[in-house]
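# Structural description and commentary
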Amino acid sequence: MLVKFIRNLLGVIIAIMDLATRGTKLKRSLEKQQQVNDEVKSLALYQFFACPFCIKTRRAMYKLNLPIDKRSASQGSPFRDELLTGGGQVKVPCLRIEQDGKVEWLYDSTEIIRYLQTRFA
Ligand SMILES: N[C@@H](CCC(=O)N[C@@H](CS)C(=O)NCC(=O)O)C(=O)O
């Protein structure tokens, strides 16, 4: 109970520090950014606000200037059930990728960041 509280508190502090120190976003031409904005409509990040792995992933998304839909997988959220049913486990971060009529659920922050950098950097 106390450990969980301290862990969550630290997560919130890290999340706030992240927001304050994000720096600059990748700059693209207007047309290119519009194309990227359209492409990321087929992506969604399932996450917790205060999870360090999610913070790391959100930071990379910010730096790459990717307005990906963020879905909270916290207790009581319908997205939690969606993640469990679709991906097979409630573990965050998880990137839902819809492509060519198929859906892939990509777990692990390092894998997600690698995927985003390869596709959008
Ligand atoms: N190696 C994974 C670790 C992910 C992880 O441990 N996530 C925790 C939250 S910080 C989780 O989803 N735990 C399941 C739960 O809290 O229900 C990554 O880098 O994404």
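Attention in this report is confined to the structure presented alongside it. (Residues numbered from 1 in each chain as written. Predicted model: local features only at pLDDT ≥ 70, side-chain atom pairs only at ≥ 80, totals over all residues. Heavy atoms only, no water.)

## Considerations on the pairing of strand β2 (residues 69–72)
Relative to β2, strand β1 (residues 43–47) runs parallel, the two sharing four bridges. The residue bridging A44 from the neighbouring strand is D69, located in β2. The handedness of the β1 to β2 crossover, carried by helix α3 (residues 52–63), is right-handed. (Pairing = 2+ DSSP bridges. Helix = DSSP H or I, 4+ residues; strand = E, 2+ residues; numbered from the N terminus. Right-handed = clockwise from strand over helix to strand, strands pointing away.)

## Focus on the nonpolar core
Generally speaking, nonpolar side chains in soluble globular proteins are found buried as a group. Within the largest apolar cluster, 15 residues are counted, with the highest numbers of intra-cluster contacts made by L43, L66, I68, L95 and L116. Mapped onto this core, the elements with two or more residues apiece are β1, β3 (94–99) and α5 (109–120). It is α5 that provides the largest number of residues to this core, a total of four residues. If sequence neighbours within four positions are ignored, L95 has contacts with L43, A44, L45, I68, E104, W105, L106, I112, Y115 and L116. Core analysis: the second largest hydrophobic core is formed by ten residues, Y46, C54, A73 and L83 among them. (Core = buried A, V, L, I, M, F, W, Y, C linked by side-chain atoms within 4.5 Å. Buried < 20%, exposed > 50% of the residue type's maximum accessible area, 1.4 Å probe, protein only. Contact = heavy atoms within 4.5 Å.)

## Observations concerning the packing of aromatic side chains
Each aromatic ring pair is specified by the distance between its two centres and by the angle formed by the two planes. Counted by the stated rule, this structure contains two aromatic pairs. Geometrically, the ring pair formed by Y46 and F79 is edge-to-face, given 6.2 Å between the ring centres and 85° between the ring planes. One end of the pair, Y46, is in strand β1; the other, F79, is in helix α4 (residues 78–87), with 33 residues separating them in the sequence. Judged by relative accessible area, Y46 falls into the buried class, the value being 0%. Its relative accessible area of 29% is what places F79 among the partly exposed residues. Joined through ring pairs, the aromatic side chains of Y46, F79 and W105 make up one cluster. (Phe/Tyr/Trp six-rings, centres within 6.5 Å; stacked < 30°, edge-to-face > 60°.)

## A look at a nonpolar patch on the surface
A cluster of nonpolar side chains, L2, F5, I6, L9, L10, I13, I14 and M17, forms an exposed patch at the surface whose accessible area comes to about 790 Å². You can see L10 is positioned in helix α1 (residues 2–20). (Patch = residues over 30% accessible without salt bridge, like charges linked within 9 Å, V, L, I, M, F, W, Y side chains within 5 Å. Areas by Shrake-Rupley, 256 points an atom, 1.4 Å probe, with all protein chains shown as cover. Salt bridge = Lys/Arg side-chain N within 4 Å of Asp/Glu carboxyl O.)

## Quick notes on the site of the ligand
Lining the immediate environment of the ligand, one finds F48, C51, F53, V90, K91, V92, P93, D108 and S109. Contact distances for the ligand include 3.1 Å between a nitrogen atom and a side-chain N or O atom of D108. Protein burial of the ligand: of its 510 Å² of free accessible surface, 65% is covered by the chains. (Near = heavy atom within 4 Å. Polar contact = N/O pair within 3.5 Å; in protein donor to acceptor, adjacent residues only side chain to side chain.)

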